[in-house]
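# Understanding the architecture of this molecule
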Amino acid sequence: MRHEPHSPTTDATKDLRLPNGCLLCGGDLDVRVTDGAARSFCGHCRWISSPHMQRHEDGIHIVHPAGGIA
Ligand SMILES: [Zn+2]
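Being a predicted model, the structure only gives us computed values, none of them experimental.

So, about the confidence of the model for the protein. Looking at the protein, the pLDDT average stands at 82 and 80% of residues meet or exceed 70. At the level of individual helices and strands, the protein shows its lowest average pLDDT in strand E6 (residues 59-63), which scores 82, and its highest in strand E4 (residues 48-49), which scores 92.

See below:
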């Protein structure tokens, strides 16, 4: 387990954690948002994905594109 240092240079990068957000194993999903593009990573099964982000009135929604899941 390693922690990457936070980069205070820009607020365009955000780290989110979605409890039970992994589609494969149901583990916690770490999501990093950089310049509007999201990358998700599951520490349990090492699943890496590029979910879509949708901004709604109640916050940011992370949407995984359908298909591509074995
Ligand atoms: Zn997982």
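The next thing to look at is the side chain of His64. You can see His64 is positioned in the segment after E6. A residue is classified by how much of its surface remains accessible, and His64, at 19% relative accessible area, is buried. Setting aside residues up to four positions removed in sequence, His64 forms contacts with Gly21, Leu23, Leu29, Ser40, Trp47, Ser49 and Pro51.

Conventions and cut-offs
Residues numbered from 1 in each chain as written. Predicted model: local features only at pLDDT ≥ 70, side-chain atom pairs only at ≥ 80, totals over all residues. Heavy atoms only, no water. pLDDT = per-residue confidence, 0-100. Helix = DSSP H or I, 4+ residues; strand = E, 2+ residues; numbered from the N terminus. Buried < 20%, exposed > 50% of the residue type's maximum accessible area, 1.4 Å probe, protein only. Contact = heavy atoms within 4.5 Å.

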